[in-house]
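Chain and residue survey
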Amino acid sequence: MSGKSNVKFFYVGIAIALLLAILAPFLASSDPDGLESAAGGIIEESKISQIEATEPVVSSPMPDYSIEGLGKGGEVAAIAVGTLAVLAISLGLGKVFSKKI
């Protein structure tokens, strides 16, 4: 692949990731995910409630993939910001650890 096609591939990947970030809150199911339903079959409901009630050691900047008070728009923004943050961190680490041949 040439350098120009690599850049095009990169931008298309970013566009797809952001499109998924925009659509995810509207397509996601409100039913419990596989992990929650499996835990519900193994652990008593009262113990699950106790686990959910405990405070985290470090609080999340955007809990439950949303920005409080913004509804679905907050969910879209939180997922988009998270996607771009992971991309930026990945690019930064890639540049730091890349070896020139």
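Anyway, here's the lowdown on the structure attached to this text. (Residues numbered from 1 in each chain as written. Predicted model: local features only at pLDDT ≥ 70, side-chain atom pairs only at ≥ 80, totals over all residues. Heavy atoms only, no water.)

**Considering helix α4 (residues 71-97)**
Quick reminder of the rule: Think of it this way: any DSSP run of H or I at least four residues long counts as a helix, any run of E at least two long counts as a strand, and we number them from the N terminus. Multiplying one less than the number of residues by 1.5 Å gives the expected span of a helix. Under the scheme applied here, a residue whose accessible area is under 20% of the maximum for its type counts as buried, over 50% as exposed, and between as partly exposed, the area being computed with a 1.4 Å probe on protein chains only. Residue contacts are counted whenever heavy atoms from the two residues lie within 4.5 Å of one another.
Compared with the 39 Å implied by 1.5 Å per residue over 27 residues, the 39 Å span of α4 between its first and last C-alpha is a close match. For α4, the full list of buried residues reads G74, V76, A78 and A80. Of the surrounding elements, those touching the buried residues of α4 are α1 (3-27).

**Remarks on the environment of F9**
Checked against the element boundaries, F9 lands in helix α1. Residues F9 and Q50, 41 residues apart in the sequence, show an inter-C-alpha distance of 46 Å.

**Some thoughts on the environment of G69**
For G69, the position within the fold is in the loop between α3 (45-53) and α4. G69 gets classed as exposed once you look at its relative accessible area, which sits at 76%. Spatially, the C-alpha atom of G69 lies 32 Å from that of G92, the residues being 23 residues apart in sequence.

Bear in mind that shape data such as this cannot, by itself, settle questions of function.
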